[in-house]
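Secondary and tertiary structure notes
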There are 2 protein chains.
Amino acid sequence: MSLKLRKAIKTDMESVLILIKELATFEKEPDAVEVTVDELIKDGFGENPAFEVFVAELDNEIVGMALFYQRYSTWKGKTIHLEDLIVKQSHRGKGIGNALYTKTLKHAYDLGVKRVEWAVLDWNTIAIDFYKSTGATLFNDWRVVQMEGNALKQFIQELQIDY
Amino acid sequence: MSLKLRKAIKTDMESVLILIKELATFEKEPDAVEVTVDELIKDGFGENPAFEVFVAELDNEIVGMALFYQRYSTWKGKTIHLEDLIVKQSHRGKGIGNALYTKTLKHAYDLGVKRVEWAVLDWNTIAIDFYKSTGATLFNDWRVVQMEGNALKQFIQELQIDY
């Protein structure tokens, strides 16, 4: 097999969205993906791109991707957040995920960031064991909180004071 | 009392760092803060600032702050991440945290982002109850994973393949 890792370009976003949807299904949220190909192109390739992507090409087919962006730790400084690491189901077990993970960490290291971070579902023990084996630390005491668009709208509309 | 909320400027970063260190102590990690005033100024006020801050001024003293930045959800699109929401211990219970929280959510709403998210420690039940009361959702199944600078360096130096 001929595996090639490279930075994604605009025309890869259709394949990238297919991978995003595959991961959402794996994470038991198949209908959660609202993003479109046009939005991925606009958000990822304009001025101040909101993210960057490495894609894995196997015999000229995109079979995996790592999507990441910069975050900021008020303790450490600039960090890289790995938002999605995805390998097509039919191509797992070939080391492609490992290669994408390593390429992203290498990129972060070259940028000189103080930390790379990501999130994992607590039942995904295969991923957790893999991350730990590479030197990453799992935190059990932090919880993610989100206010979605509709809840945000309602919260704002019910405000009595203007901020 | 005269409470004023405004965007932070460079000269606020000394007060901001004091607040960051106060939060680290509350979170039982008093020695974790490596960031300096100079780094906060460089990272927050250059080209492509890594974060933005609202500060709360009470009688011309900075007594609280909300620090946030943009993230990206591959399901929803652009989001805002609230990294730190801090009120000086001696000024809690006056609604300052609520005001900073609301101002940040209003800002996110005005930007049109699809979600605001943040993290909370699982033992901080007062904060959790407050967030839920405003319409936010707590996720119990996601875990944070981090690879710190030293672990990252070791991982990269032990690589057998060049990525």
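First things first, this report covers the structure right here in the doc. Source: prediction; values computed, not measured.

Grouped together as the largest cluster of nonpolar side chains are 30 residues, with contacts concentrated most on A:M147, B:L100, B:Y101, B:L105, B:V116, B:W118 and B:Y131. For this core, the secondary-structure elements that each account for two or more residues are β7 (142-148) and α5 (149-157) of chain A together with β2 (52-58), β3 (61-73), β4 (77-87), α3 (96-111), β5 (115-121) and α4 (125-133) of chain B. If one sorts the elements of this core by residue count, α3(B) sits on top with six residues. Excluding its chain neighbours within four sequence positions, the residues that come into contact with A:M147 are A:L152, A:F155, B:Y101, B:L105, B:R115, B:V116, B:W118, B:T134, B:G135 and B:A136. Counting 29 residues, the second largest nonpolar core, distinct from the first, contains A:V63, A:Y131, B:M147 and B:L152.

Attention now moves to helix α5 (residues 149-157) of chain B. Here α5(B) has its buried residues at B:L152, B:F155 and B:I156. Buried residues of α5(B) fall within an arc of 95° about the axis and therefore sit on the same side. For α5(B), exposure combined with an orientation more than 90 degrees from the buried face picks out B:N150 and B:Q157. Packed against the buried residues of α5(B) are α3 (96-111) and β5 (115-121) of chain A together with β7 (142-148) of chain B.

Scanning all chains against the criterion turns up 18 aromatic pairs over all chains. When the centroid spacing of 5.6 Å and the interplanar angle of 90° are considered together, the rings of A:Y101 and A:W118 count as edge-to-face. Pair noted here: A:Y101 is in helix α3 and A:W118 is in strand β5, with a separation of 17 residues, a long-range link. The exposure class of A:W118 is buried, given its relative accessible area of 2%. Counting every residue linked through ring pairs, the aromatic cluster contains A:Y101, A:W118, A:F130, A:Y131 and B:F155. Of note, A:K28 hangs over the ring of A:W123, and the distance from its end group to the ring centre comes to 4.2 Å. Above the face of the B:F54 ring, B:K103 is positioned so that its terminal group lies 5.1 Å from the ring centre.

Turning our attention to the environment of A:G44. Residue and element names in this part refer to chain A. Within the secondary structure, G44 sits in helix α2 (residues 37-45). Between the C-alpha atom of G44 and that of I9, which follows or precedes it by 35 residues, the distance is 9.2 Å. Residues in contact with G44, not counting those within four places in the same chain, are P49, A50 and F51.

What follows concerns the packing of helix α1 (residues 13-26) of chain B against helix α2 (residues 37-45) of chain B. Residues and elements named next belong to chain B. At their nearest, the axes of α1 and α2 sit 9 Å apart, and the two run at 110° to each other. By the angle between their axes, α1 is roughly perpendicular relative to α2. Once α1 is placed against α2, the crossing between them reads as right-handed. Taken together, the residues of α2 that come into contact with α1 (itself represented by M13, E14, V16, L17 and I20) are V37, L40, I41 and F45. Here the residues of the contact of α1 with α2 are counted per class, giving eight nonpolar, no polar and one charged.

In the contact formed by α5(A) and α3(B), the axes pass within 10 Å of each other and the chain directions differ by 120°. In terms of axis orientation, α5(A) runs oblique to α3(B). The crossing of α5(A) and α3(B) is left-handed. Along the contact surface, α5(A) presents A:L152, A:K153, A:F155, A:I156 and A:Q157, while α3(B) presents B:Y101, B:T102, B:L105, B:K106, B:A108 and B:Y109. A class-by-class count of the residues in the contact of α5(A) with α3(B) yields seven nonpolar, two polar and two charged.

Criteria and thresholds
Residues numbered from 1 in each chain as written. Chains lettered and ligands numbered in written order. Predicted model: local features only at pLDDT ≥ 70, side-chain atom pairs only at ≥ 80, totals over all residues. Heavy atoms only, no water. Core = buried A, V, L, I, M, F, W, Y, C linked by side-chain atoms within 4.5 Å. Buried < 20%, exposed > 50% of the residue type's maximum accessible area, 1.4 Å probe, protein only. Helix = DSSP H or I, 4+ residues; strand = E, 2+ residues; numbered from the N terminus. Contact = heavy atoms within 4.5 Å. Arc of directions from axis to C-beta. Phe/Tyr/Trp six-rings, centres within 6.5 Å; stacked < 30°, edge-to-face > 60°. Lys NZ or Arg CZ within 6 Å of the ring centre and 35° of its normal. Axes fitted to C-alpha atoms, helices over the stretch in contact; angles between N-to-C directions. Parallel < 35°, antiparallel > 145°, perpendicular 65-115°, else oblique. Left-handed = near helix turned anticlockwise from the far one by under 90°. Nonpolar A, V, L, I, M, F, W, Y, C, P; charged D, E, K, R; others polar.

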